[in-house]
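# Tertiary structure, described
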Amino acid sequence: MKSVGSGLQRMVGFETSSAQVRQPLAGFEELAMPQFDSLYNFARWLAQNSNDAEDLVQETYLKALRSFGSFQQGTNFRAWIFRILRNTFLSSRSRPDRRMTVAIDSEDESPALPRTFATPESLLIERSNNDAVRCAIAQLPVIFREVILLCDVEEASYREIAEILSIPTGTVMSRLARARKAVCEAVRNPEIFHQAKV
């Protein structure tokens, strides 16, 4: 895997000539890079926009790299970096000068249909059901959306979720139950189903 470049080191305020700096950066890369896909997926769901999600992940990695010296080795790195991502997202939403990223290129973000021998009707029904669930999750308030995504998409344990969100484990379980119930009710609602098709 390619090491953290000197441009990034300069950007976050590290000197490139110090052997002491290279070792912590290598440790950061070893812990952080396996989390990239999970962080992006979580950011994509929180921001509900791929460009904003990319910016959010980039800012998260920058903040994590800058404060990596304060990370306590032997503790849960995944929870630590997810908390940084969540806090970065929440603080970006509370800023009055919040920027919305406008995509210059228009990419088709719809998933490609799988190569199967299924009928067009069965594919349409499956896609409609997936779209209805995505729409229902997207409409959840952030406090419920983040819990259901961390648990059901990122497969984080209740304890990890509690650590990431800085809430008690009982609150995690309560929010998760309420989020799942809201998604089920929304999927059963024909209006939500119709919105997912559009």
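Here the structure is shown first, and the text comes after it.
Residues numbered from 1 in each chain as written. Predicted model: local features only at pLDDT ≥ 70, side-chain atom pairs only at ≥ 80, totals over all residues. Heavy atoms only, no water.

Counting across every chain of the model gives four salt bridges. A salt bridge links Arg78 to Glu160; its shortest N-O distance comes to 3.4 Å. Taken as a pair, Arg78 in helix H5 (residues 77-94) and Glu160 in helix H8 (residues 158-165) lie far apart in primary sequence, 82 residues in all. The same class applies to Arg78 as to Glu160, namely buried. A salt bridge links Glu146 to Arg86, with the nearest nitrogen and oxygen atoms 2.9 Å apart. Placement of Glu146 in helix H7 (residues 142-153) and of Arg86 in helix H5 is noted, with a sequence separation of 60 residues between them. Looking at Arg86, the relative accessible area reads 12%, which means it is buried. (Salt bridge = Lys/Arg side-chain N within 4 Å of Asp/Glu carboxyl O. Helix = DSSP H or I, 4+ residues; strand = E, 2+ residues; numbered from the N terminus. Buried < 20%, exposed > 50% of the residue type's maximum accessible area, 1.4 Å probe, protein only.)

So, on to the packing of helix H4 (residues 50-66) against H5. Packing of H4 against H5 leaves a shortest axis separation of 9 Å and a crossing angle of 125°. Relative to H5, the element H4 lies oblique. By crossing handedness, the relation of H4 to H5 is classed as right-handed. Only Trp80, Ile81, Ile84, Leu85, Thr88, Phe89 and Ser91 of H5 make contact with H4, whose side of the interface consists of Leu56, Val57, Glu59, Thr60, Tyr61, Lys63 and Ala64. (Axes fitted to C-alpha atoms, helices over the stretch in contact; angles between N-to-C directions. Parallel < 35°, antiparallel > 145°, perpendicular 65-115°, else oblique. Left-handed = near helix turned anticlockwise from the far one by under 90°. Contact = heavy atoms within 4.5 Å.)

Turning next to unusual backbone geometry. Within the chain, Gln48 stands out as a residue other than glycine whose phi angle is a positive 60°. Along the chain, Gln48 falls in the loop between helix H3 (36-47) and H4. Residue Gln48 is classed as partly exposed on the basis of its relative accessible area of 40%. The backbone of Glu155 shows a phi angle near 55°, a positive value even though the residue is not glycine. Within the secondary structure, Glu155 is located in the loop between H7 and H8. Using a relative accessible area of 65% as the deciding quantity, one classes Glu155 as exposed.

Glancing now at the environment of Arg78. A relative accessible area of 17% means that Arg78 is categorised as buried. The sequence separation of Arg78 and Ala32 amounts to 46 residues, and the corresponding C-alpha distance is 8.1 Å. Leaving out residues up to four positions away in the same chain, Arg78 has contacts with Gln35, Glu154, Glu155, Ala156 and Glu160. A polar contact of 2.6 Å, which involves the side chain of Arg78, links it to the backbone oxygen of Glu154. (Polar contact = N/O pair within 3.5 Å; in protein donor to acceptor, adjacent residues only side chain to side chain.)

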